[in-house]
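Listed below are the residues making up each chain.
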Amino acid sequence: MHLAINNPFYVVLLIFHVGIGLIGFGSNAMAGWTARDAAHLGPSESVRRFFDGRISLAQWCVILVPVFGISLLVLRDAADISQIWFLAAVTIWVITLGLLTARGWPAQRTLGALLASVPEVGAVAGSDAEIHSQGLIVLRTQQVVVVLYLVAFYLMLFKP
């Protein structure tokens, strides 16, 4: 199938692809930003609300990014699937998902559990060092994820 780029179905898929990417990677970037606050400022009420021990649905959206992207390629020009820029972008996505599921999200869940165990905001607890450590793990992982997203975005936009 070969759809023109101004075909409404193609445009809707493109909007979903870009939108899901922004939601998924944006929410993971926010997790990193908030983890920085947890690591450096401690368990504030907003940090506790954000890290409730779960990974948000918005963060899980990163899984759908290649689904819409590959759909776009198949509908527009399936030959692009063999191009280096596409293979590099998919590889970056696989690395990103690996980082999130192996390092970032487990640390985020642990951080949520640690924050829930601190009795009150501002209380000194033995887990402060662990909160700092887990917060830094989430922050660093999400920083790498954002850089990988920007590289993949460049590859898909400019197709070098």
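Look above for the structure.
Just so it is clear, the structure is predicted and the values come from calculations on it, not from any experiment. (Residues numbered from 1 in each chain as written. Predicted model: local features only at pLDDT ≥ 70, side-chain atom pairs only at ≥ 80, totals over all residues. Heavy atoms only, no water.)

## Some thoughts on the nonpolar core
Link 1 in the chain: Among the nonpolar cores identified, the biggest contains 18 residues, and Leu13, Ile20, Phe25, Val62, Leu100 and Trp105 are the most heavily contacted of them.
Link 2 in the chain: Of all the elements in the fold, those that place two or more residues in this core are helix 1 (8–41), helix 4 (65–76), helix 5 (84–117) and helix 6 (128–158).
Link 3 in the chain: What Trp105 contacts, discounting residues up to four positions off in sequence, is Asn28, Ile55, Gln59, Trp60, Val62, Leu100 and Gln142.
Link 4 in the chain: Core analysis: the second largest hydrophobic core is formed by twelve residues, Val47, Phe51, Leu115 and Ile137 among them. (Core = buried A, V, L, I, M, F, W, Y, C linked by side-chain atoms within 4.5 Å. Buried < 20%, exposed > 50% of the residue type's maximum accessible area, 1.4 Å probe, protein only. Helix = DSSP H or I, 4+ residues; strand = E, 2+ residues; numbered from the N terminus. Contact = heavy atoms within 4.5 Å.)

## Structural notes on the packing of helix 1 against helix 5
Link 1 in the chain: It is at 12 Å that the axes of helix 1 and helix 5 come closest, and there the two elements cross at 40°. Relative to helix 5, the element helix 1 is oriented oblique. By crossing handedness, the relation of helix 1 to helix 5 is classed as left-handed. Touching Phe25, Asn28, Ala31, Ala35 and Ala38 of helix 1 are Thr96, Leu100, Trp105, Gln108 and Leu111, all from helix 5.
Link 2 in the chain: Residues belonging to the contact of helix 1 with helix 5 are distributed by class as follows: seven nonpolar, three polar and no charged. (Axes fitted to C-alpha atoms, helices over the stretch in contact; angles between N-to-C directions. Parallel < 35°, antiparallel > 145°, perpendicular 65-115°, else oblique. Left-handed = near helix turned anticlockwise from the far one by under 90°. Nonpolar A, V, L, I, M, F, W, Y, C, P; charged D, E, K, R; others polar.)

## So, helix 4
Link 1 in the chain: If you check helix 4, its first and last C-alpha atoms are 17 Å apart, about what twelve residues at 1.5 Å a residue would give, namely 16 Å.
Link 2 in the chain: Where helix 4 is buried, its residues contact helix 1 and helix 5. (Expected span 1.5 Å × (residues − 1).)

## Some words on the layout of surface pockets
Link 1 in the chain: In this structure, the largest pocket spans a volume of roughly 660 Å³.
Link 2 in the chain: Mapped onto the lining of the largest pocket, the elements with two or more residues apiece are helix 1, helix 4, helix 5 and helix 6.
Link 3 in the chain: Partitioning the lining of the largest pocket into residue classes produces 22 nonpolar, four polar and four charged. (1 Å grid on protein atoms, 1.4 Å probe; cavity = no way out; pocket = protein on both sides within 12 Å on 5 of 7 lines; lining within 4 Å. Points joined across faces, edges and corners; volume = space filled by probe spheres on them.)

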